[in-house]
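# Per-entry structural report
Below are the chains, spelled out letter by letter.
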Amino acid sequence: MSTAAASATAQLWDRRDRRVPAVAAAAALTGVKGAVLRDAAKVSFAASVECESILSGMDTRVRALPMELGTELERCVHEVRGPVMWSETITARANAFGDEDVFVCNTVRKGYDGAENRLLVWLLSEAAHAFRAVRGPLGEFMSAGDCRRIEEIAITARKWRLSPRLAGVSPNRPSAREISHMRAGRHADQVEPLLTGRRRLVQPFVASDIEDLTDQATTALHVGVLEIFEQVAEALGTEMVVGFANGALRCGPVSFRHPSASSSAPAGLSVQGVLVDDLDQAIELARAATG
């Protein structure tokens, strides 16, 4: 892999709009299959300092998991354990052949299935999935030593995921509103490693990861793509930002999709949907399109 080509690959990745989905953008840029890239995202997160920070503090974190109070309907016999829900009680008694000792109560339950704990379990689950990821096609890109290291991290993450207090917590990504509440809460310092881990998992690849997944023919192709994107940005008088639409990377009127990437977008370079055969033609059409 030449330095120039590697530099072009890195620049295209680093200049992308961060709102672009990482896996989709990586597929369009490199041509690597989406399933492999999704595995690579899990492996990249498992190997990150953000994941290490979470796992190294799990002893303390599990002992201090925040609890939440919730309510649920409970069928009670011979006792009342909360406010009686009379409509549900009447239905329950009818199903119990008129037993007057049946009550449906709104009872209070303590549990760990709050937003912070769901975020923690989601991160642990994704790290744990890295074990299977390195056993698949992705393992061909990795050394035996790196595979063993990722497997050990994944085993540790799975152990904590299955700990008794977390066993009943659902691994759901928190909403924007929940994240805002966590940042503004009393335990913001404790939550920050989890939020940092979330950011890394949403954007799992750094430029060196993309370079490692890119073959020599593709890195050479990226040199031309970078050149035309830079010329288009210059013609538009703006900083080059790589966007994404319809399965292809975009800069102004020019789009690029690796020929091996699965998408309905035209493969290779195109200008306003017109495929171009070489760099000079692409630049000429792009200049005409940008005025």
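Before any of the text, the structure's been laid out above.
The following paragraphs examine the structure supplied in this document. (Residues numbered from 1 in each chain as written. Predicted model: local features only at pLDDT ≥ 70, side-chain atom pairs only at ≥ 80, totals over all residues. Heavy atoms only, no water.)

## A closer look at the overall build of the chain
How we decide: Note on conventions: DSSP H or I runs of at least 4 residues are helices, E runs of at least 2 residues are strands, and numbering of each starts at the N terminus. With C-alpha atoms as the basis for the radius of gyration, the globule rule is written as 2.2 Å multiplied by the number of residues raised to the power 0.38. The protein chains shown are the only cover counted for residues, whose accessible areas, like all others here, come from Shrake-Rupley with a 1.4 Å probe. This count recognises Lys and Arg as positive and Asp and Glu as negative, with His and chain-terminal groups excluded. Note that the charge is assigned to NZ on lysines, CZ on arginines, CG on aspartates and CD on glutamates.
In terms of regular secondary structure, the chain is built from 14 helices and seven strands. Radius of gyration (C-alpha) of the chain: 26 Å, far over the 19 Å computed for a compact globule of 291 residues. Split by element, the accessible area of the chain, about 15,500 Å² in all, is 51% carbon and sulfur. For the chain, the separation between the mean place of its 33 positive charges and that of its 36 negative charges on side chains is 5 Å.

## Topic: the packing of helix 4 (residues 49-56) against helix 11 (residues 188-202)
Put simply, the rule reads: The axes are straight lines fitted to the C-alpha atoms, using for helices just the contacting stretch, and the angles between their N-to-C directions are given from 0 to 180°. For any helix crossing, the convention is left-handed if the near helix is rotated counterclockwise from the far helix by under a right angle, and right-handed if that rotation is clockwise. Any two residues having at least one pair of non-hydrogen atoms within 4.5 Å are treated as being in contact. Residues were grouped as follows: Ala, Val, Leu, Ile, Met, Phe, Trp, Tyr, Cys and Pro as nonpolar; Asp, Glu, Lys and Arg as charged; and all remaining residues, including Gly, as polar.
Where helix 4 contacts helix 11, the two axes come as close as 9 Å, and the packing angle between them is 145 degrees. Here the hand of the crossing between helix 4 and helix 11 comes out left-handed. On the side of helix 4, the interface is formed by Glu50, Ser53 and Ile54, while helix 11 contributes Pro193, Leu194, Thr196, Gly197 and Arg200. Looking at the contact of helix 4 with helix 11, its residues break down into three nonpolar, three polar and two charged.

## Some points on the environment of phenylalanine 131
Mapped onto the fold, phenylalanine 131 is located in helix 8 (residues 130-134). The sequence separation of phenylalanine 131 and cysteine 147 amounts to 16 residues, and the corresponding C-alpha distance is 8.5 Å. Contacts of phenylalanine 131, omitting those with residues within four sequence positions, involve Glu151, Ala154 and Ile155.

## Quick look at the sheet that holds strand 3 (residues 243-245)
For clarity, the cut-off: Strands qualify as paired when DSSP identifies two bridges or more between them.
Spatially, the five strands line up as an open sheet ordered 3-4-5-6-7, and their pairing is antiparallel. Here the strands that pair on one side only, and so sit at the sheet edges, are strand 3 and strand 7 (274-275). As paired strands, strand 3 and strand 4 (residues 248-251) are joined by three bridges and run antiparallel to one another. Opposite glycine 243, over in strand 4, you have arginine 250 as the bridge partner. Sitting on the sheet, helix 2 (residues 22-30) touches strand 3, strand 4 and strand 5 (254-257), and the angle it makes with strand 4 is about 85 degrees. Strands in contact with helix 13 (residues 216-236) are strand 4, strand 5 and strand 6 (268-271); relative to strand 5, the strand with the most contacts, it is inclined by about 160 degrees.

## Quick look at the packing of helix 2 against helix 3 (residues 34-46)
Geometrically, a packed helix pair is captured by the angle between its two axes and the distance between the axes. Heads up, the rule is: Note on terminology: angles under 35 degrees are roughly parallel, angles over 145 are roughly antiparallel, angles of 65 to 115 are roughly perpendicular, and the others are oblique.
Where helix 2 meets helix 3, the axes come as close as 9 Å, and the angle between the chain directions of the two elements is 130 degrees. With respect to helix 3, the element helix 2 is oriented oblique. In this structure, helix 2 crosses over helix 3, and the sense of that crossing is right-handed. Along its contact with helix 2, which presents Val23, Ala26 and Ala27, the element helix 3 presents Gly34, Leu37 and Arg38. Broken down by class, the residue content of the contact of helix 2 with helix 3 amounts to four nonpolar, one polar and one charged.

## So, unusual backbone geometry
Formally: Burial here depends on accessible area, computed with a 1.4 Å probe over protein chains only, as a share of the maximum for the residue type. Under 20% is buried, over 50% is exposed, and the range in between is partly exposed.
Of note in the backbone geometry, phenylalanine 97 takes a positive phi value of approximately 60 degrees without being a glycine. Examined against the element boundaries, phenylalanine 97 turns out to sit in the loop between helix 6 (86-95) and strand 2 (102-111). Given the relative accessible area of 83%, phenylalanine 97 is considered exposed. A positive phi angle is found at asparagine 246, which is not glycine, with a value near 55 degrees. Looking at the element boundaries, asparagine 246 is found in the loop between strand 3 and strand 4.

## A closer look at helix 2
The element helix 2 is largely enclosed, with a buried count of seven among its nine residues. Of the residues making up helix 2, those classed as buried are Ala22, Ala25, Ala26, Ala27, Ala28, Leu29 and Thr30. Of the residues flanking the end of helix 2, it is glycine 31, one or two places downstream, whose phi is positive at about 85 degrees.

## Some details on the packing of aromatic side chains
The following threshold applies: Only centres within 6.5 Å qualify two rings of Phe, Tyr or Trp (six-membered ring in Trp) as a pair; their planes then separate them into stacked at under 30 degrees, edge-to-face at over 60, and tilted for everything else. Here, over-ring charges are defined by two tests on the NZ atom of lysine or the CZ atom of arginine: distance to the ring centre within 6 Å, and angle to the ring normal within 35 degrees.
Under the criterion given, the structure shown has two aromatic pairs. The interplanar angle of 75 degrees and the centroid separation of 6.4 Å between the aromatic rings of tryptophan 86 and phenylalanine 103 together place this pair among those described as edge-to-face. Of the two residues, tryptophan 86 is situated in helix 6 and phenylalanine 103 in strand 2; the sequence distance between them amounts to 17 residues. Residue classification places tryptophan 86 among the partly exposed residues on the basis of a relative accessible area of 49%. Residue class for phenylalanine 103 comes out buried when judged on its relative accessible area of 16%. Lying across the ring of tryptophan 13, arginine 16 places its NZ or CZ 3.8 Å from the centre. Lying across the ring of phenylalanine 103, arginine 93 places its NZ or CZ 4.7 Å from the centre.

The values reported here are purely geometric and, on their own, carry no functional implication.
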